[in-house]
Amino acid sequence: MVLFCRRNISSCCKKALNHFIVSLIRNGERLREREIRSLSAEIEILKNPQNLNPSQRLDELREENAKLKYRLNILKRSLQEDKSPDNKSMMNINQRLQQIFSEAIQASCPELDNPPLAVTPNQQAKFGDYQCNSAMAMAQMLKAKGMKVNPREIAEKIVQNLPDNELIQKTEIAGPGFINVHLKRTFVSKLLSNLLVNGVQPPPLESRKKVVVDFSSPNIAKEMHVGHLRSTIIGESICRLFEFLGYDVLRLNHVGDWGTQFGMLIAHLQDKFPDYLAVSPPISDLQAFYKESKKRFDDDEDFKKRAYQCVVRLQSREPDFIKAWNLICDVSRREFQKIYDCLDVTIVERGESFYQEMMTDVVKEIEGRGLVEMDEGRKIVFVPGHSIPLTVVKSDGGYTYDTSDLAALRQRIFDEKADIIIYVVDSGQGTHLQLVYAAGRMFGWYDPQVTRVEHAGFGVVLGEDKKKFKTRSGDTVRLIDLLDEGLKRSMDKLKEKERDKVLTPEELVAAQRSVAFGCIKYADLSHNRINDYVFSFDKMLDDRGNTAAYLLYAFTRIRSIARLANIDEATLRKAAETTEVLLDHEKEWKLGKCILRFPEILQKILDDLLLHTLCDYLYELATTFTEFYDSCYCVEKDRQTGEVIKVNMWRMLLCEATAAVMAKGFDILGINPVQKM
């Protein structure tokens, strides 16, 4: 039977194998219960010496239990091998250590419910690679139960109960109960080889969840301005992260494409271009067109009345008015797309107009639940824990932002069947969105334990005077002007470094766009999104410190190492399959561990949606690589002739692994590095 298990275990699916293990454990538990009962009977017999007889059944049970334990250990080892670096995905080392320590902690203190699990990378290399800090908190929990135990004793028990595993070389207990963990260098080397052979592959997902990300969201007939920059950049990167990790992502642009402002725009269109139904109006500056119509709306009562009539006819979906509305929307879409093309953003437009009919259904549902109250002609809904009500119908019978946001939430839950819904909207909308989410829970639309609905809020963009970013005349900065200025500044920077003398015109333009748009994105993403940040072209284009300019130059330099040593991709691929990545030098070891922390970083961002963590990691990786490159020769050349004498291939592979992880990090951030810069 044991041999059968050995031969066939690799072909069993993981789910069935886990099920088998659970059943074996349960069988073992039942056998132990029977053993206890049998031993109790033995004790009773022992109390009466004349009745002493060996229990044949007890011996049989012990033998059977020993066989089951043996089989169970084989199965556990097989599962452990399945977690080895033989599969293509990158391993999350921190997560794997948490699994190992979780098992040890539960075995050490079974009397504790939900004992704390704290495993983090060690900040000081001399103390090891990772550290488990659970013992002190466990001691406090035991103290609360009336049991006084020294944290070091708990730490010792945890270490004693660590299961056999593939990655821990040794552990040491330090201070009051810190458990320092040293990783096996051979195992880390295998993980790096796996990365080099298979590329940067995400850890496997338990299930492929549906994610809806609501971001960007400009208003039709208005130009995108600097206020839209953060939502667009942050939202795009969040989508890229979830997509890389294997989720099914729907990117939604909740544009403002409906409302009373379209009445004045259509009325102005009818006056300025009376033949708009037959000839497409040449509206080149929609912002100026909007300002003209707004001025007439404010100054001319007759125009205002006609504008309101246009709104009614638009909402009644009269064909001529729908066509006028579509013409205005199309002009805006073309302008928005110029921005999205520059920033390499992909998004599906689904504006407020999409939810118009759904709003009626939402109001009917809420009224049917008896939750609507009347307030001076308005229909409002109070949500427990919130003092401000939602207004679902205005006194004139129209709907509000509250109604459209409720309809959007409901549609995303029930029609899109989203498991995760993320709103990338400025922090000023936080109170409103929390009210909408709370209402959704009150209506029974979703359970927060099952469906994750989250507001990824962000601060405002400030000028270098620490005030809201505006032009010198006090106007809001147009986003297209900002991007054009970025292109001009990046070209000046490249020429200052005399790159125009070594790059072809095509390479120079590619480098210009990479630096300009990469720096604008990185300057935003490298700051904690919750905080305001100061927009400064001088700082973002500085090639020193934690900037895109520095990282892009560092990446180009790493990529050039193999090229300058005349090592082609085929040679590197062959080496990845046949050459062991040695990690004997302390800088090799430090770099190898840093490279492999990538999945841990992504998991953290998945949990808190704070992308500056990835920027900090990429900067740390680049600086760690510099330390390695300055200390460890990858290519040795003749000092006089410059001829390559020796190539240390394992170090070349570390260069390649660093570049591969940086490239994937850039991709998630929406930054496009170029081969030459």
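Residues numbered from 1 in each chain as written. Predicted model: local features only at pLDDT ≥ 70, side-chain atom pairs only at ≥ 80, totals over all residues. Heavy atoms only, no water.

The name recorded for the protein chain in an unreviewed UniProt entry is Arginine--tRNA ligase, cytoplasmic, from Amphiprion ocellaris. Among the UniProt annotations of the protein chain, the heading Catalytic activity (unreviewed entry) holds the following wording: "tRNA(Arg) + L-arginine + ATP = L-arginyl-tRNA(Arg) + AMP + diphosphate". (UniProt positions renumbered as here; feature names shortened; annotations may be inferred.)

Trainee: What is the right way to read the overall build of the protein chain from this model?
Mentor: A count of helices and strands for the protein chain gives 24 helices and 16 strands. Taken across its 677 residues, the protein chain has 48% of its residues classed as buried. Long-range contacts, defined here as pairs at least 24 residues apart, represent 73% of the contacts in the protein chain between residues at least 6 apart. Summed over its atoms, the accessible surface of the protein chain is roughly 34,300 Å², and 49% of this surface lies on carbon and sulfur atoms. (Helix = DSSP H or I, 4+ residues; strand = E, 2+ residues; numbered from the N terminus. Buried < 20%, exposed > 50% of the residue type's maximum accessible area, 1.4 Å probe, protein only. Contact = heavy atoms within 4.5 Å. Areas by Shrake-Rupley, 256 points an atom, 1.4 Å probe, with all protein chains shown as cover.)

Trainee: So what exactly am I meant to see when it comes to the packing of aromatic side chains here?
Mentor: By convention here, two paired aromatic rings are described through the distance between centres and the angle between planes. In the structure shown here, the tally under the stated rule is 13 aromatic pairs. Ring geometry for Tyr 423 against Tyr 437: centres 5.4 Å apart, planes inclined by 50°, an arrangement best described as tilted. Highlighted residues: Tyr 423 in strand E11 (residues 420–423) and Tyr 437 in helix H15 (residues 430–442), separated in sequence by 14 residues. There is no split in this pair, since Tyr 423 and Tyr 437 are both buried. The ring of Trp 589 carries Arg 185 above its face, with NZ or CZ at 4.4 Å from the centroid. Positioned above the aromatic ring of Phe 297, the side-chain terminus of Lys 304 is 5.2 Å from the ring centre. (Phe/Tyr/Trp six-rings, centres within 6.5 Å; stacked < 30°, edge-to-face > 60°. Lys NZ or Arg CZ within 6 Å of the ring centre and 35° of its normal.)

Trainee: What should I look at first to understand the packing of helix H21 (residues 586–596) against helix H24 (residues 649–669) in this one?
Mentor: Axis angle and axis distance: for two packed helices, these are the angle between their axes and the distance between the axes, and together they describe the pair. In the contact formed by H21 and H24, the axes pass within 10 Å of each other and the chain directions differ by 30°. Classified by the interaxial angle, the pair formed by H21 and H24 is roughly parallel. Relative to H24, the crossing made by H21 is left-handed. In this structure, H21 contributes Glu 588, Leu 591, Gly 592 and Ile 595 to the contact, and H24 contributes Trp 650, Arg 651, Leu 654, Ala 657, Thr 658 and Val 661. For the contact of H21 with H24, the residue count by class is six nonpolar, two polar and two charged. (Axes fitted to C-alpha atoms, helices over the stretch in contact; angles between N-to-C directions. Parallel < 35°, antiparallel > 145°, perpendicular 65-115°, else oblique. Left-handed = near helix turned anticlockwise from the far one by under 90°. Nonpolar A, V, L, I, M, F, W, Y, C, P; charged D, E, K, R; others polar.)

Trainee: Mind showing me how you'd approach the sheet that holds strand E7 (residues 348–349) here?
Mentor: What holds strands together in a sheet is hydrogen bonding between their backbones, with the strands either parallel or antiparallel. Here we have five strands laid out as an open sheet, ordered E7-E6-E5-E11-E12, and parallel in their pairing. At either end of the open sheet lies a strand with only one pairing partner, and these are E7 and strand E12 (452–455). Across the sheet, H15 is in contact with E11 and E12; its angle to E12 comes to roughly 165°. (Pairing = 2+ DSSP bridges.)

Trainee: Hey, could you run me through the packing of helix H5 (residues 134–144) against helix H6 (residues 151–160) in this one?
Mentor: At a minimum axis separation of 8 Å, H5 and H6 run at an interaxial angle of 115°. Our pair here, H5 against H6, has a crossing hand that is right-handed. Of the residues in H6, those in contact with Ala 135, Met 136, Met 138, Ala 139 and Leu 142 of H5 are Pro 151, Ile 154, Ala 155 and Ile 158. Classifying every residue of the contact of H5 with H6 by side-chain character gives nine nonpolar, no polar and no charged.

Trainee: What is the right way to read the pairing of strand E5 (residues 210–214) from this model?
Mentor: Within a regular strand, side chains alternate between the sheet's two faces. E5 sits mainly inside the fold: five of its five residues count as buried. Note: E5 against strand E6 (residues 248–253), five bridges, orientation parallel. Residue pairing in the sheet places Val 211 in a bridge with Val 249 of E6. Pairing analysis gives four bridges linking E5 to E11, with the strands arranged parallel. If you follow Val 211 over to E11, its bridge partner there is Ile 420.

Trainee: Would you mind showing me how to read the pattern of salt bridges here?
Mentor: Proximity of charged atoms lets side chains of opposite charge pair with each other. Across all of its chains, the model carries 43 salt bridges by this definition. Across the salt bridge formed by Glu 236 and Arg 240, the nearest N and O atoms sit 2.7 Å from each other. Of this pair, Glu 236 and Arg 240 both sit in helix H8 (residues 229–244), four residues apart, which is roughly one turn of the helix. Residues Glu 236 and Arg 240 agree in their burial class; the two are buried. Between Glu 627 and Lys 587 there is a salt bridge, with the nearest N and O atoms lying 3.1 Å from each other. Residue Glu 627 is found in helix H23 (residues 612–631), and its partner Lys 587 is found in helix H21; the two are separated by 40 residues along the sequence. Overlapping salt bridges, with partners in common, bring together Glu 236, Arg 240, Glu 243, Arg 251, Asp 344, Lys 664 and Asp 667 in one network. (Salt bridge = Lys/Arg side-chain N within 4 Å of Asp/Glu carboxyl O.)

Trainee: Would you take a moment to explain the confidence of the model for the protein chain for this structure?
Mentor: A residue-level look at the protein chain finds 87% of positions with pLDDT of 70 or above and a mean pLDDT of 88. Across residues 1–17, where pLDDT falls below 50, the model places 14 contacts with residues more than four positions away in sequence or in other chains. Long-range and interchain partners of residues 77–86, a stretch whose pLDDT sits below 50, account for 19 contacts in this model, where long-range means more than four residues apart. (pLDDT = per-residue confidence, 0-100.)

Trainee: Hey, could you run me through the environment of Lys 637 in this one?
Mentor: Inspection of the secondary structure puts Lys 637 in strand E15 (residues 635–637). Once the C-alpha coordinates of Lys 637 and Ala 565 are considered, the two residues, 72 residues apart in sequence, prove to be 9.3 Å apart. Residues within four places of Lys 637 in sequence aside, it is in contact with Leu 564, Gly 642, Glu 643, Val 644 and Ile 645.

Trainee: Is there a simple way to think about helix H10 (residues 286–299) in this case?
Mentor: Residues three or four positions apart in an α-helix share a direction because the helix packs 3.6 residues into each turn. Taking 1.5 Å of rise per residue, the 14 residues of H10 would be expected to cover 20 Å, and the 20 Å separating its terminal C-alpha atoms lies within 8% of that figure. The secondary structure elements touched by the buried residues of H10 are helix H9 (261–272), helix H11 (301–315) and helix H12 (319–342). (Expected span 1.5 Å × (residues − 1).)

Trainee: Looking at this model, I keep getting lost on the sheet that holds strand E9 (residues 378–381). Mind explaining?
Mentor: In space, the three strands of this open sheet follow the order E8-E9-E10, with antiparallel pairing throughout. The sheet terminates laterally at strand E8 (373–375) and strand E10 (390–393), the two strands that pair on one side only. Each adjacent strand pair in this sheet contributes to an overall mean axis angle of 45°, direction not counted. In terms of strand pairing, E9 meets E10 through three bridges, oriented antiparallel. Bridge assignment links Lys 379 to a residue of E10, and that residue is Val 393.

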